[in-house]
Amino acid sequence: MTTTYSSRVPAAAPAPAGVAAARATDLSKVYGQGETKVVALDAVSVEFQQAQFTAIMGPSGSGKSTLMHCMAGLDSVTGGSALIGDTELTKLKDKKLTQLRRDRIGFIFQAYNLLPTLNALENITLPLDIAGRKADKAWLDRVIETVGLSGRLKHRPSQLSGGQQQRVAVARALASRPEIIFGDEPTGNLDSRSGAEVLGFLRNSVRELGQTIVMVTHDPVAASYADRVVFLADGRIVDDLFGPTAESVLERMKSLDARVRTS
Ligand SMILES: Nc1ncnc2c1ncn2[C@@H]1O[C@H](COP(=O)(O)OP(=O)(O)OP(=O)(O)O)[C@@H](O)[C@H]1O
Ligand SMILES: [Mg+2]
């Protein structure tokens, strides 16, 4: 069965007062010290609602990856707090944090992070295998078909194109249906058709299954699949847009650019 997802599905009503799947309060991240000190995040406070699809945008170096890494427990924070549900990440010991990442979070890395010795299918089911959980076969088949990997499951990452590796990384994050998925430019290396399919699938998993997704993107069209767009600049949140269209995102980007240039 092939399911096609139209990008014309009407946007869900924004739910600003929903339940937070993840929350940062005054989150700061400083790299290095002295001459090499970089304030990657400057007291960021943000909530990502359950069953909502949020895009994060901003210039290169504005702190998008850092924000997602800190909120997913992949990087330590310098100050403030980060919560998944009501679990405070900064208070967890290593072992608990590893468990939480494995059981409750899906992450699509900017650089895929696939294991070279495993084939595509083994990479996709790796988090489930490590957790000792069985994949829901019907769901796994649907994920694999949607990302268009059915004919490549026995291939290793080195035998796959960049876009195919990215699709393996997307499928891996979706396979276990985690509480929240963070994606760092999950469609950055896909052609527009595969990108649209993956984005449509992500959006439908939010609409139909209540999945929560936070995605970094540089592309206004990709951002328009989301329910909300959060804009970062210099480690701070500078704008927040609900019910985005590609046009309204582009407009916002232009006005932010102009503000930066005149400040
Ligand atoms: N490990 C690190 N050590 C030192 N500085 C870092 C480190 N990681 C990130 N930075 C700095 O922190 C800032 C934010 O980086 P980050 O990777 O979050 O940006 P980004 O918004 O994801 O950019 P891009 O769109 O290029 O991926 C940058 O100035 C970057 O140079
Ligand atoms: Mg980045």
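What you see is a predicted model; the values in this text were computed from it and never measured.

Below, the discussion takes up the UniProt feature "domain: ABC transporter" (unreviewed entry) in the protein chain. UniProt records the feature "domain: ABC transporter" (unreviewed entry) at residues 22–259, using the numbering of this structure. Secondary structure over residues 22–259 splits into 38% helix and 26% strand, and the C-alpha atoms at its two ends are 29 Å apart.

Taken together, the neighbourhood of ligand 1 is formed by 13 residues, with Ser60, Gly61, Lys64, Ser65 and Thr66 sitting nearest. In this structure, glycine 63 approaches ligand 1 through a main-chain N or O atom, which is 3.0 Å from an oxygen atom. Side-chain polar atom of lysine 64 to an oxygen atom of ligand 1: 2.8 Å apart, as the coordinates give it. When ligand 1 is considered free in solution it has 640 Å² of accessible area, and contact with the protein chains removes 61% of it. Looking at the shell around ligand 1, the elements that each hand over two or more residues are strand 2 (38–49) and helix 1 (64–71). Partitioning the shell around ligand 1 into residue classes produces four nonpolar, eight polar and one charged.

Taken N-terminus to C-terminus, the directions of helix 4 (residues 137–146) and helix 6 (residues 192–209) make an angle of 150 degrees; their axes are 10 Å apart at the nearest point. Relative to helix 6, the element helix 4 is oriented roughly antiparallel. Where helix 4 abuts helix 6, its residues Trp139, Arg142, Val143 and Thr146 lie against Glu197, Phe201, Ser205, Glu208 and Leu209.

It is worth spelling out the coordination of the magnesium ion (ligand 2) at this point. Surrounding the magnesium ion (ligand 2) are the protein donor atoms Ser65 (OG) and Gln110 (OE1), at 2.0 to 2.7 Å. Placement of serine 65 in helix 1 and of glutamine 110 in the loop between strand 6 (105–108) and helix 3 (120–131) is noted, with a sequence separation of 45 residues between them. Look at serine 65 and you get partly exposed, because its relative accessible area is 22%. Among the residues examined, glutamine 110 registers a relative accessible area of 42% and is labelled partly exposed.

All right, on to the sheet that holds strand 2 then. Strands sit in the order 2-1-4-5 across an open sheet of four strands; the sheet is antiparallel. Of all the strands in the sheet, the pair left with one neighbour each is strand 2 and strand 5 (87–88). Packed on one face of the sheet, helix 1 meets strand 1 (20–31), strand 2 and strand 4 (79–84) and runs near 120 degrees to strand 1.

So, about unusual backbone geometry. Here the phi dihedral of alanine 51 falls at roughly 60 degrees; this positive angle occurs in a residue that is not glycine. Here alanine 51 shows up in the loop between strand 2 and strand 3 (53–57). Judged by its relative accessible area of 37%, alanine 51 is partly exposed. Even without a glycine there, the phi angle at glutamate 185 is positive, about 50 degrees. Among the structural elements, glutamate 185 can be located in the loop between strand 7 (180–184) and helix 6. Owing to a relative accessible area of 19%, glutamate 185 belongs among the buried residues under this scheme.

Attention now moves to the sheet that holds strand 3. Here six strands make up an open sheet; going across it, the order is 6-7-8-3-9-10 and the pairing mixed. This sheet does not close on itself; its edge strands, each paired only once, are strand 6 and strand 10 (236–242). Mean inter-strand twist for the sheet, computed between neighbouring axes without regard to direction, equals 15 degrees. The sheet contact formed by strand 6 and strand 7 spans four bridges and is parallel. Looking at the pairing, isoleucine 108 lines up with glycine 183 of strand 7. Helix 5 (residues 162–175) contacts strand 6 and strand 7 of the sheet and is inclined by roughly 175 degrees relative to strand 6.

With that out of the way, let us pick up the packing of aromatic side chains. In the structure shown here, the tally under the stated rule is three aromatic pairs. Note on phenylalanine 107 and phenylalanine 109: the rings are 4.7 Å apart at their centroids and 40 degrees apart in plane angle, and the pair reads as tilted. When sorted by exposure, phenylalanine 107 lands in the same class as phenylalanine 109, which is buried. By way of ring pairs, the aromatic residues Phe107, Phe109 and Phe182 are connected into one cluster. Its guanidinium or amino end placed over the ring of tryptophan 139, arginine 177 lies 4.2 Å from that ring's centre, counting from NZ or CZ.

Thresholds applied
- Residues numbered from 1 in each chain as written.
- Chains lettered and ligands numbered in written order.
- Predicted model: local features only at pLDDT ≥ 70, side-chain atom pairs only at ≥ 80, totals over all residues.
- Heavy atoms only, no water.
- UniProt positions renumbered as here; feature names shortened; annotations may be inferred.
- Helix = DSSP H or I, 4+ residues; strand = E, 2+ residues; numbered from the N terminus.
- Near = heavy atom within 4 Å.
- Polar contact = N/O pair within 3.5 Å; in protein donor to acceptor, adjacent residues only side chain to side chain.
- Areas by Shrake-Rupley, 256 points an atom, 1.4 Å probe, with all protein chains shown as cover.
- Nonpolar A, V, L, I, M, F, W, Y, C, P; charged D, E, K, R; others polar.
- Axes fitted to C-alpha atoms, helices over the stretch in contact; angles between N-to-C directions.
- Parallel < 35°, antiparallel > 145°, perpendicular 65-115°, else oblique.
- Contact = heavy atoms within 4.5 Å.
- Donors = N, O, S within 2.8 Å, 3.2 Å for Na, K, Ca; no water.
- Buried < 20%, exposed > 50% of the residue type's maximum accessible area, 1.4 Å probe, protein only.
- Pairing = 2+ DSSP bridges.
- Phe/Tyr/Trp six-rings, centres within 6.5 Å; stacked < 30°, edge-to-face > 60°.
- Lys NZ or Arg CZ within 6 Å of the ring centre and 35° of its normal.

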